[in-house]
Amino acid sequence: MHPPLLAPSILAGNHARLADSAALVAHVGLQWIHIDIMDGHFAPNLTFGPGTVAALRPASTLFFDVHLMLDEPHRYLEAFAKAGANSISVHIEPDYDHPGALARIRALGCKNGIVLNPGTPAEAVEPLLGSVDLVLVMTVQPGFGGQAFRRDMLPKIARIAGWRRERGLDFRIEVDGGIDLATAAECRAVAADTFVVGTAFFGAADPGGFARSFAQMN
Ligand code: DX5
Ligand code: ZN
């Protein structure tokens, strides 16, 4: 199982100072930053585009974990890879060629990920588990930071972790939405390893202290 990894979500930082947010994440000793891309259709909000990612790339050595909340993610894979994404995750819910998109992401030199909304059962991604680097289990409905953690997602995480163990696979299991130190520990208990944290990190009086507390988790 992967050790716990904290991926602050830049969505919760100041959008006029995105580079400062990335610099803060690096400054407190973290390796990953999560970048939420929304199209106003798949999720009811608008955020960043490939131009934003490209503008952040030269000043940062962080691992860019790009989460595409798009109706047609397959149309934008090249753009985000070219912009400097290190990982690109796509949702299972929209209708497109999921295996094709996942293979394309790897062919572009990125890690790939498949994402499930709270209402989507684990079985929806089960056939793809051998072809992914990461499974992202949404623990809120996508769209906005600061929502309450969906505790009813824990059995889904456990189920996916069970398949991972039984099949000897090593994809990451990432959680996103309402994650703080307490809910991260609940997800860790069912074998999640990658923790997207927006509000609890960027809203903390001391983000470095948050990262140090997170690092105490086993
Ligand atoms: C939700 C986004 C999350 C969000 C999490 O639509 O995918 O990445 O930034 O924010 P918090 O941690 O505030 O729930
Ligand atoms: Zn996200």
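These notes cover the structure that comes with them. Quick caveat, the model's predicted, so the values are computed rather than measured.

Glancing now at the coordination of the zinc ion (ligand 2). The zinc ion (ligand 2) binds to the protein through His34 (NE2), Asp36 (OD), His67 (ND1) and Asp176 (OD); the donor distances cover 2.0 to 2.2 Å. In primary-sequence terms, the residues that donate to the zinc ion (ligand 2) follow H-x1-D-x30-H-x108-D. You'll find His34 and Asp36 in the same group, each marked buried.

Once that is clear, we can look at the site of ligand 1. By nearness alone, 20 residues border ligand 1, and Asp36, Gly143, Asp176, Gly178 and Thr199 come closest of all. Relative to its unbound accessible surface of 380 Å², ligand 1 loses 98% to contact with the protein. Placement of ligand 1 is best described as lying within the largest pocket. Ranked by the residues each element gives to the shell around ligand 1, the list is headed by strand β2 (residues 32-38), at three residues.

Moving on to helix α1 (residues 18-27). Residues of α1 that are buried include every one of Leu18, Ser21, Ala22 and Val25, and no others. Projected onto a plane normal to the axis of α1, the buried residues spread over an arc of 95° and lie on a single side. Turning to α1, the residues buried within the fold contact β1 (5-8), β2, α2 (50-56) and α7 (199-202).

Moving on: the pattern of salt bridges. Following the criterion strictly, the structure yields eleven salt bridges and no others. In this structure, Arg167 engages Glu126 in a salt bridge whose closest nitrogen and oxygen atoms are separated by 2.4 Å. With a gap of 41 residues between them, Arg167 in helix α5 (residues 154-167) and Glu126 in the loop between β5 (111-116) and β6 (134-138) connect regions that are remote in the sequence. In this structure Glu126 comes out as partly exposed when scored by relative accessible area, which is 24%. Through salt bridges with shared partners, a single network forms among Arg164, Arg172 and Asp193.

Here we take up the layout of surface pockets. Of the volumes computed, that of the largest pocket is approximately 260 Å³. The wall of the largest pocket is formed by 24 residues, among which Gly145, Gly146, Gly177, Gly178 and Gly198 lie closest to the centre. Among the secondary structure elements, those contributing two or more residues to the lining of the largest pocket are β2, β8 (194-197) and α7. Broken down by class, the residue content of the lining of the largest pocket amounts to twelve nonpolar, nine polar and three charged. The computed volume of the second largest pocket comes to approximately 160 Å³. Around the second largest pocket, the lining residues are His2, Trp32, Phe63, Ser87, Lys111, Asn112, Val132, Asp133, Leu134, Asp170, Phe171 and Arg172. For the lining of the second largest pocket, the class distribution of residues is five nonpolar, three polar and four charged.

A few words now on the packing of aromatic side chains. Applying the stated criterion across every chain yields a total of four aromatic pairs. Between Phe201 and Phe210 the ring centres are 6.4 Å apart and the planes differ by 85°, which places this aromatic pair in the edge-to-face class. Take Phe201 and Phe210: they sit in the same class, and that class is buried. Three or more aromatic residues joined by ring pairs form one cluster here, namely Phe201, Phe202 and Phe210.

Taken in spatial order, the eight strands make up an open sheet running β1-β8-β7-β6-β5-β4-β3-β2, and their pairing is parallel. Among the strands making up the open sheet, the edge pair consists of β1 and β2. The average undirected angle you get between the axes of adjacent strands in this sheet is 25°. In the sheet, strand β3 (residues 63-69) pairs with strand β4 (residues 87-91) via four bridges, with the strands oriented parallel. Within β4, the position partnered with Leu68 by the bridge is Val90.

Procedures and definitions
Residues numbered from 1 in each chain as written. Chains lettered and ligands numbered in written order. Predicted model: local features only at pLDDT ≥ 70, side-chain atom pairs only at ≥ 80, totals over all residues. Heavy atoms only, no water. Donors = N, O, S within 2.8 Å, 3.2 Å for Na, K, Ca; no water. Buried < 20%, exposed > 50% of the residue type's maximum accessible area, 1.4 Å probe, protein only. Near = heavy atom within 4 Å. Areas by Shrake-Rupley, 256 points an atom, 1.4 Å probe, with all protein chains shown as cover. 1 Å grid on protein atoms, 1.4 Å probe; cavity = no way out; pocket = protein on both sides within 12 Å on 5 of 7 lines; lining within 4 Å. Sits in = over half its atoms within 2 Å of the grid points. Helix = DSSP H or I, 4+ residues; strand = E, 2+ residues; numbered from the N terminus. Arc of directions from axis to C-beta. Contact = heavy atoms within 4.5 Å. Salt bridge = Lys/Arg side-chain N within 4 Å of Asp/Glu carboxyl O. Points joined across faces, edges and corners; volume = space filled by probe spheres on them. Nonpolar A, V, L, I, M, F, W, Y, C, P; charged D, E, K, R; others polar. Phe/Tyr/Trp six-rings, centres within 6.5 Å; stacked < 30°, edge-to-face > 60°. Pairing = 2+ DSSP bridges. Axes fitted to C-alpha atoms, helices over the stretch in contact; angles between N-to-C directions.

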